[in-house]
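Listed below are the residues making up each chain.
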Amino acid sequence: MAQSWINGTGRRIWSTARFFCRMVTDFVYPPLCLLCDRYLQANETLIHEKCLAGLALLDEEDLSGQDLQDALRFAPSFERSLALYPYTDDLQKLIHFFKYSGFWSLAEPLGQNLGQLMMDLGYTREIDALIPVPLHKVRQRQRGYNQAEKLARSIGRTCGVPLWTDVLLRRRPTPSQARMNRSDRMRNLLGAFAVVKPDRVAQKKLALVDDVLTTGSTLEECSRTLIDAGAARVIVISLVRVV
Ligand SMILES: [Zn+2]
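Report on the accompanying structure. (Residues numbered from 1 in each chain as written. Predicted model: local features only at pLDDT ≥ 70, side-chain atom pairs only at ≥ 80, totals over all residues.)

**Quick look at the overall build of the protein chain**
Inference 1: A count of helical and extended segments in the protein chain gives ten helices and seven strands.
Inference 2: By residue count, 33% of the 243 residues in the protein chain fall in the buried class.
Inference 3: Considering only contacts in the protein chain between residues 6 or more positions apart, those separated by 24 or more positions represent 74%. (Helix = DSSP H or I, 4+ residues; strand = E, 2+ residues; numbered from the N terminus. Buried ≥ 20, exposed ≤ 12 C-beta atoms within 10 Å, placed from the backbone. Contact = placed C-beta atoms within 7 Å.)

**Remarks on unusual backbone geometry**
Inference 1: Non-glycine residue Leu46 carries a positive phi angle of around 70°.
Inference 2: As for its position among the elements, Leu46 is in the loop between helix H1 (2–28) and helix H2 (49–53).
Inference 3: The exposure class assigned to Leu46 is buried, which follows from the 23 C-beta atoms found within 10 Å.
Inference 4: Despite not being glycine, Gln203 has its phi angle at roughly 65°, a positive value.
Inference 5: Here Gln203 lies in the loop between helix H9 (198–201) and strand E6 (205–213).

**Things to note about the pairing of strand E7 (residues 233–241)**
Inference 1: The element E7 is largely enclosed, with a buried count of eight among its nine residues.
Inference 2: As defined by bridge partners, strand E2 (residues 80–85) adjoins E7 across four bridges and the pair is classed as parallel. If you follow Leu82 over to E7, its bridge partner there is Ile237.
Inference 3: Relative to E7, E6 runs parallel, the two being bridged by eight bridges. Counted as the bridge partner of Ala207 is Ile235 from E7. (Pairing = 2+ DSSP bridges.)

**Some points on the nonpolar core**
Side chains of a nonpolar character, in soluble globular proteins, are inclined to be buried together.
Inference 1: Membership of the largest hydrophobic core comes to 51 residues, with the highest contact counts inside it found for Ile155, Leu208, Val209, Leu226 and Leu239.
Inference 2: In this view, Ile155 contacts Gly111, Leu114, Gly115, Met118, Leu130, Val209 and Ile237; residues no more than four positions away in its chain are not counted. (Core = buried A, V, L, I, M, F, W, Y, C linked by C-beta atoms within 7 Å.)

**Considering the sheet that holds E2**
Inference 1: Judged by pairing direction, the sheet is mixed, and its five strands sit side by side in the order E1-E2-E7-E6-E3 without closing on themselves. Two strands in the sheet have a free side with no partner beyond their single neighbour: strand E1 (62–64) and strand E3 (129–132). The average undirected angle you get between the axes of adjacent strands in this sheet is 25°.
Inference 2: Sheet strands in contact with helix H3 (residues 65–72) are E1 and E2, and its direction is about 90° off that of E1.
Inference 3: Against the sheet, helix H10 (residues 217–228) touches E6 and E7, its axis set at about 165° to E6. (Axes fitted to C-alpha atoms, helices over the stretch in contact; angles between N-to-C directions.)

Bear in mind that shape data such as this cannot, by itself, settle questions of function.
This is the structure in structure tokens:
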């Protein structure tokens, strides 16, 4: 009798606690799709599966050689750029939620799609590790997370490539590059990154991960830093390619 009363009370306390947790979660993550503002299904988080599947895709997901040089307007030290989406209004909205509004769990579905792309294109066997573009520790403390690392973690979980977060470091914070031209960006980034463990990257084939490839300046500086430290090859993976 006493046992069943305890069990019954325990269940009620548990269910009340769950109800309040759900209320808090729904407050922090309102159960409306970030793209269409309609209610989500219970198995969906932040974005409808059909809204995610309906996002416009790039014509060329895998860019290399002369095509990559033409797009970037310089010859990069990385071999190819893998990306899924062009910079549409929907992507601009999602990236803003992902980066600045704390909706880091968007990394899960978006990273899964990138991980799937890596598998479809057969790169999982060619790459030794994923390396997210690091944030400076002050910026990371302000934001609470590194969006590139969240994305890389989800890609790694999907396609099974290891994630290395402790080999590439941002040595100093760099001012916003939004209004800079390419040569100013390169100057701004010079020496901004360092390889902490050169023996780890020596002769390795690495994939740098970032949310957006815009001019390619940041990814180029990271790639060159890894290659100078002995990496054999670098490719770049991003959700969006603007160029
Ligand atoms: Zn939707």
